[in-house]
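Survey of secondary and tertiary structure
The primary structure of each chain is shown beneath.
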Amino acid sequence: MSIREKLKQWKRFAAGAMAAVLCAGLLAGCTGKNPAGSSDGTAAQEGPQRYSTIFYDAFDTVTQVIAYCDSEEEFTRQMDALHADLLEYHQLYDIYNDYDGVTNIKTINDNAGTAPVQVDDKILGMLELARQMYNTTDGKLNIAMGSVLRIWHDYREAAGQTETDADNKLPSQEELDAAARHCDINNLVMDEEAKTVYLADPEMSLDVGSVGKGYAVEMVAQAAEARGLTSALISVGGNLRAIGVKPDGSQWSGGVENPWNASEFYTSDSSYVAAVNMSDMALVTSGDYQRYYVVDGVRYHHLIDPATLWPAAYFNGVSVLAPDSGVADCLTTGLFCMPLEEGQKIVESLDGVEALPLTAQMGIVRLLRGGETARVGGGQGRTVNVRLIAGAGPGLSEAVREGLFLKELHELLREYTITVPPLRERRSDIEALAARCASRFAQALGKQPKPIAPEAMEALLRYSWPGNVRELRNVCERLVVLGNDQPVDGEALRQLHIFAKQAASMGTGDSREEAEQVILPVYK
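The paragraphs below set out a description of the structure included in this document. The model shown is predicted, which means the values in this text are computed figures rather than measured ones.

**Side note on the overall build of the chain**
A count of helical and extended segments in the chain gives 18 helices and 17 strands. Put simply, the chain has 524 residues, and 47% of those count as buried. Within the chain, contacts between residues separated by at least 24 positions form 67% of all contacts whose residues are at least 6 apart in sequence.

**A few points about the sheet that holds strand β7 (residues 196-199)**
Taking strand neighbours across the sheet as the criterion, the three strands line up as β5-β7-β6 in an open arrangement whose pairing is antiparallel. The open sheet terminates on both sides in strands that have one partner only, identified here as β5 (117-118) and β6 (188-191). Of the strand pairs in this sheet, β5 and β7 are connected by two bridges, and their pairing is antiparallel. By the bridge assignment, glutamine 118 is partnered in β7 with threonine 196. Of the strands in this sheet, β6 and β7 touch helix α4 (residues 121-136), which is tilted by about 130 degrees from β6.

**Remarks on the packing of aromatic side chains**
As enumerated under the stated definition, the model contains eight aromatic pairs in all. Aromatic side chains tryptophan 152 and tyrosine 300 sit 6.2 Å apart centroid to centroid with 15 degrees between the ring planes, which places their arrangement in the stacked category. Taken together, the residues span a long stretch of sequence, with tryptophan 152 in helix α5 (residues 146-159) and tyrosine 300 in strand β14 (residues 298-301) at a distance of 148 residues. Here the aromatic rings of tyrosine 293 and tyrosine 300 are separated by 6.2 Å at their centres, their planes lie at 40 degrees, and the arrangement is tilted. Since its relative accessible area comes to 5%, tyrosine 293 is described here as buried. The buried category is assigned to tyrosine 300, whose relative accessible area is 16%.

**Brief notes about helix α7 (residues 212-226)**
Taking 1.5 Å per residue as the helical rise, α7 with its 15 residues ought to reach 21 Å, and the 21 Å between its terminal C-alpha atoms agrees with that figure. The complete set of buried residues in α7 reads Gly212, Gly214, Tyr215, Ala216, Val217, Glu218, Met219, Val220, Ala221 and Ala224. Following α7 by one or two positions, glycine 228 adopts a phi angle in the positive range, close to 110 degrees.

**Some remarks on the pattern of salt bridges**
In this structure the tally under the stated criterion is 14 salt bridges. Of the charged contacts, one joins lysine 106 and aspartate 98 as a salt bridge, the two residues approaching to 3.2 Å between their closest N and O atoms. Lysine 106 gets classed as buried once you look at its relative accessible area, which sits at 15%. By relative accessible area, which is 54% here, aspartate 98 ends up exposed. The partner of aspartate 121 in a salt bridge is lysine 195, and the shortest N-O contact between them spans 2.8 Å.

**What about a nonpolar patch on the surface?**
Residues Ile364, Leu368 and Leu388 make up a contiguous nonpolar surface patch of about 220 Å² in total accessible area. In this structure, leucine 388 sits in the loop between β17 (382-383) and α11 (396-401).

**Overview of unusual backbone geometry**
With a phi angle near 55 degrees, aspartate 60 is a residue other than glycine that sits in the positive phi range. Looking at where aspartate 60 falls in the secondary structure, it is placed in the loop between β3 (49-58) and β4 (61-69). Despite not being glycine, asparagine 468 has its phi angle at roughly 60 degrees, a positive value. Looking at the secondary structure, you find asparagine 468 in helix α15 (residues 468-482). Overall, the relative accessible area of 30% leaves asparagine 468 in the partly exposed class.

Scoring rules and cut-offs
- Residues numbered from 1 in each chain as written.
- Predicted model: local features only at pLDDT ≥ 70, side-chain atom pairs only at ≥ 80, totals over all residues.
- Heavy atoms only, no water.
- Helix = DSSP H or I, 4+ residues; strand = E, 2+ residues; numbered from the N terminus.
- Buried < 20%, exposed > 50% of the residue type's maximum accessible area, 1.4 Å probe, protein only.
- Contact = heavy atoms within 4.5 Å.
- Pairing = 2+ DSSP bridges.
- Axes fitted to C-alpha atoms, helices over the stretch in contact; angles between N-to-C directions.
- Phe/Tyr/Trp six-rings, centres within 6.5 Å; stacked < 30°, edge-to-face > 60°.
- Expected span 1.5 Å × (residues − 1).
- Salt bridge = Lys/Arg side-chain N within 4 Å of Asp/Glu carboxyl O.
- Patch = residues over 30% accessible without salt bridge, like charges linked within 9 Å, V, L, I, M, F, W, Y side chains within 5 Å.
- Areas by Shrake-Rupley, 256 points an atom, 1.4 Å probe, with all protein chains shown as cover.

Written out as structure tokens, the structure is:
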């Protein structure tokens with residue numbers, strides 16, 4: 001299946017202040033197995049059993065796998081093969097190290113401007129995906145930025161050797177600009193027939209950190225399926241890939257961890273802000289919460305915006321759910337490096353893709369949980385003492401169920417709930433509200449406040465107010481702006497036909513005649 005076809009199959013996209021993808025199935029802390037006839041005294045079970053394992057040596061991160069297999073031997077066979085596949089991709093996509101008998105990305109970089117390098121199909125496929133996603137993300141995903149990313153990498157590594165953050169340094173803009181002159185992806189020359197890759201610019205280098213792991217996870221999952229694995233959940237760092245469903249037909253559950261409580265291992269203590277049910281899908285997250293260093297109290301992370309050559313400052317993290325882990329990996333980096341509005345345009349141009357911005361919501365959660373807030377990209381929080389009063393309509397619970405509003409924030413806001421009835425059920429408030437609104441608008445316009453005559457107030461009290469207080473406010477504003485210097489009376493209401501027009505604009509179904517039935521008897 002072509003990459004273009006895969007793009008049309010995407011189902012959902014999530015962007016915002018998120019941190020690490022985690023296996024919700026691992027939250028129970030299971031790191032072993034429970035096969036049939038186990039020694040714990042439980043009865044033997046029929047059908048596939050649940051097993052899990054952990055690897056530590058692929059892509060410099062932790063790999064966790066849960067799978068259902070008919071036997072422990074079958075599980076071991078599958079995991080041995082999956083582990084070997086991951087290690088192969090790890091070596092092929094490495095930009096720092098050489099391996100005996102392996103031609104990898106470092107080999108390509110070492111031969112920049114010298115000669116084409118014959119490579120494995122696993123490299124060609126990954127580079128082709130990266131080039132296509134460069135176009136999809138308007139250049140925000142650019143594997144040709146190796147020269148710039150290497151500068152940031154070296155400064156970040158140097159910071160790890162300093163005594164305190166006060167000794168950390170930043171690259172100069174001149175240094176970054178000079179490196180950026182060698183980031184043209186058009187100088188990446190690929191010959192599919194000859195299976196070669198050539199970098200036409202001798203000072204150019206590739207960095208595939210934004211695509212390599214995601215592409216590898218997808219290929220490893222597909223290979224496992226071809227070997228007969230039908231039910232599994234694979235987590236490689238921030239890349240989560242589900243194979244099939246569980247034996248009982250239920251989907252796998254993935255989650256997005258709170259960026260301010262992120263950890264390397266996912267346990268029952270992990271704090272996650274969203275849960276996703278998935279089968280044959282990938283959930284991938286990129287964020288600023290793990291690989292960074294601090295200078296003058298500001299956090300400088302590894303996700304560099306090609307436009308500025310500095311760490312992108314739009315989000316704390318971006319999560320993407322898609323049928324292809326490689327595609328999702330590319331998108332998380334690309335979308336992380338652009339404003340939300342631009343990202344939404346890209347998402348909306350793709351069939352079956354939805355956007356879910358959660359950055360502001362996560363900031364409020366952090367504020368309510370710990371009384372702390374910080375600007376995006378800041379390395380230090382600021383303690384504040386505030387009280388939050390929030391208003392919400394009746395659709396908020398549904399938004400939580402659909403994943404459009406954070407469940408954690410919803411629970412925090414519901415700690416003390418005040419239900420405000422509609423204005424038509426508390427008509428005793430109308431007189432005071434109308435007088436206050438009319439007075440405020442008059443003062444704002446430099447006019448003398450006009451009293452509301454008894455017959456006009458009677459009309460206000462009898463009206464059903466389908467638009468609630470907002471409609472009453474708009475009525476008072478129009479009376480002040482459009483009325484004369486006389487007191488507001490029933491005639492003023494009738495001449496302006498306010499209720500009829502307001503009802504029509506609210507789409508309540510109330511006709512002008514129905515509204516005037518309320519007004520006219522007052523001054524007949």
